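Chain by chain, the residues run as shown.
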Amino acid sequence: MTSVPFSSGEVDPYRHGPRAEPYRGPDAPGHGGGGAAPKRVVVAYGFWIFLLSDIVLFSCLFASYAVLVNATADGPSGHDIFSRGSVAIETACLLASSFTCGTASLAMEARSKLWFYVAMAVTCLLGLGFLFLEANEFIGLVSQDYGPGRSAFLTAFFSLVGCHGLHVSVGILWLLTMMAQVFAKGFRPDIERRVFCFALFWHTLDIIWVAIFSLVYLMGVVS
Amino acid sequence: MTGHDAHGQDWDRAPGEEYINGLGMGQAFALYGVGLFLAVLLTAVSFYISGTGIVWKPSIPVALVVLAIAQMGIHVVFFLHITTGPENTNNVMALGFGILIVLLIVVGSVWIMNHMNHSMLPMQQIMQMQR
């Protein structure tokens with residue numbers, strides 16, 4: 001690939017392969033001459049690929065929900081069973097927890113154990129609050145005989161929202177593990193990478209929840 | 001752009017890294033605050049228009065989709081720190097491929113299944129044919 005210089009004489013910064021000065025030169029790591037990229041970058045990039053595949057998994061559940069949303073089999077539709085109030089509180093919990101999770105990674109950068117614990121604990125409590133509300137909603141539906149077996153619509157609804165809830169539960173276990181590991185081992189580079197991946201995971205769950213509350217709950221209430 | 005990030009060792013950036021062009025800790029924190037503010041704003045608008053008659057009714061689902069996509073963009077930029085800079089090319093490429101697959105799955109399924117629903121005989125006629 002030939003590099004086309006800009007009119008100002010600068011090298012295109014988006015050019016692939018070894019980069020010329022002033023972009024760190026061909027000996028920059030991850031660009032050929034400089035050897036492999038640092039482990040921090042490789043690990044986070046690999047986890048990013050995993051998260052994208054997780055998003056693809058959710059997109060399958062979204063697609064099946066969109067196809068089955070009207071297959072209510074004379075049972076309840078979204079309009080009958082969704083309440084905007086509890087969804088608003090769940091959304092607030094997750095948005096705030098994304099912010100506190102970001103605060104925790106900043107505290108890690110600043111090597112402040114106290115702020116790390118505080119931010120992670122708040123994130124955990126907000127996540128638990130979210131799970132409590134969601135469990136309440138599911139129990140309420142099942143007790144009214146509107147369980148996942150009632151109609152294809154409810155099957156799709158429970159699989160989609162339940163899959164997200166399962167991810168949040170796993171995320172909370174991961175969060176507690178990270179707090180314990182930072183407590184036991186400190187901010188070692190390997191622990192740092194794990195916390196970093198956890199933060200990516202948690203932010204991604206929030207993105208999926210944005211799609212769920214808009215396209216499942218609010219769309220259901222409207223129609 | 002200096003080409004040096006906060007760690008001073010490489011140019012490529014991992015997804016989610018906070019330091020953008022060597023921002024300080026306070027600025028990085030403020031950036032999360034801006035993201036939270038924008039996300040809350042878009043969420044509030046979504047909830048608001050789904051509950052009032054202020055918007056023309058058939059346009060509400062479209063508005064909800066647009067607001068959701070906008071909010072996901074806010075999350076990607078302010079929380080996952082995926083930018084369009086040259087140090088983020090790999091991350092953006094992966095994201096672009098992910099979006100392509102998601103669109104293929106969702107739009108393809110909805111399109112095909114609607115089409116099949118459309119060309120299916122009405123239920124009563126099927127029942128009559130079975131007699």
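Look above for the structure.
Residues numbered from 1 in each chain as written. Chains lettered and ligands numbered in written order. Predicted model: local features only at pLDDT ≥ 70, side-chain atom pairs only at ≥ 80, totals over all residues. Heavy atoms only, no water.

**So, the nonpolar core**
For step 1, the next point in the chain: Formed by 82 residues in total, the largest nonpolar core has its most connected members in A:Phe82, A:Phe116, A:Phe157, A:Ile212, A:Val216 and A:Tyr217.
For step 2, the next point in the chain: Broken down by secondary-structure element, the contributors of at least two residues to this core are helix 1 (39-68), helix 3 (84-109), helix 4 (113-143), helix 5 (152-185) and helix 6 (189-222) of chain A together with helix 1 (25-51), helix 2 (60-78) and helix 3 (89-119) of chain B.
For step 3, the next point in the chain: Looking at this core, the element that brings in the most residues is helix 6 of chain A, giving 22 residues.
For step 4, the next point in the chain: Not counting chain neighbours up to four residues away, the residues in contact with A:Phe157 comprise A:Tyr65, A:Phe82, A:Glu137, A:Phe138, A:Leu141, A:Gly162, A:Val216 and A:Tyr217. (Core = buried A, V, L, I, M, F, W, Y, C linked by side-chain atoms within 4.5 Å. Buried < 20%, exposed > 50% of the residue type's maximum accessible area, 1.4 Å probe, protein only. Helix = DSSP H or I, 4+ residues; strand = E, 2+ residues; numbered from the N terminus. Contact = heavy atoms within 4.5 Å.)

**What about the interface of chain B and chain A?**
For step 1, the next point in the chain: Counting residues at the interface gives 59 residues for chain B and 53 residues for chain A.
For step 2, the next point in the chain: Counting each side, the surface lost to burial between chain B and chain A is near 5,000 Å², with a carbon and sulfur contribution of 75%.
For step 3, the next point in the chain: Our enumeration of links across chain B and chain A arrives at zero salt bridges.
For step 4, the next point in the chain: The interface formed by chain B and chain A holds three residue pairs in polar contact (both at pLDDT 80 or more) in total.
For step 5, the next point in the chain: Contributing elements (two or more residues each) for the side of chain B that touches chain A: helix 1, helix 2 and helix 3 of chain B.
For step 6, the next point in the chain: Ranked by residues supplied to the side of chain B that touches chain A, first place goes to helix 3 of chain B with 14 residues.
For step 7, the next point in the chain: Grouping the constituent residues of the side of chain B that touches chain A by class yields 32 nonpolar, 21 polar and six charged. (Buried area = accessible area lost by both parts, 1.4 Å probe. Salt bridge = Lys/Arg side-chain N within 4 Å of Asp/Glu carboxyl O. Polar contact = N/O pair within 3.5 Å; in protein donor to acceptor, adjacent residues only side chain to side chain. Nonpolar A, V, L, I, M, F, W, Y, C, P; charged D, E, K, R; others polar.)

**Concerning the state of the cysteines**
A covalent bond between the sulfur atoms of two cysteines is referred to as a disulfide.
Residue and element names in this part refer to chain A.
For step 1, the next point in the chain: Tallied over the full model, the rule gives zero disulfides over all chains.
For step 2, the next point in the chain: The thiol of Cys101 is unpaired, and the distance to the nearest cysteine sulfur, on Cys124, comes to 12 Å.
For step 3, the next point in the chain: Cysteine Cys197 remains unbridged, with the sulfur of Cys101 as its closest cysteine sulfur at 12 Å. (Disulfide = S-S within 2.5 Å.)

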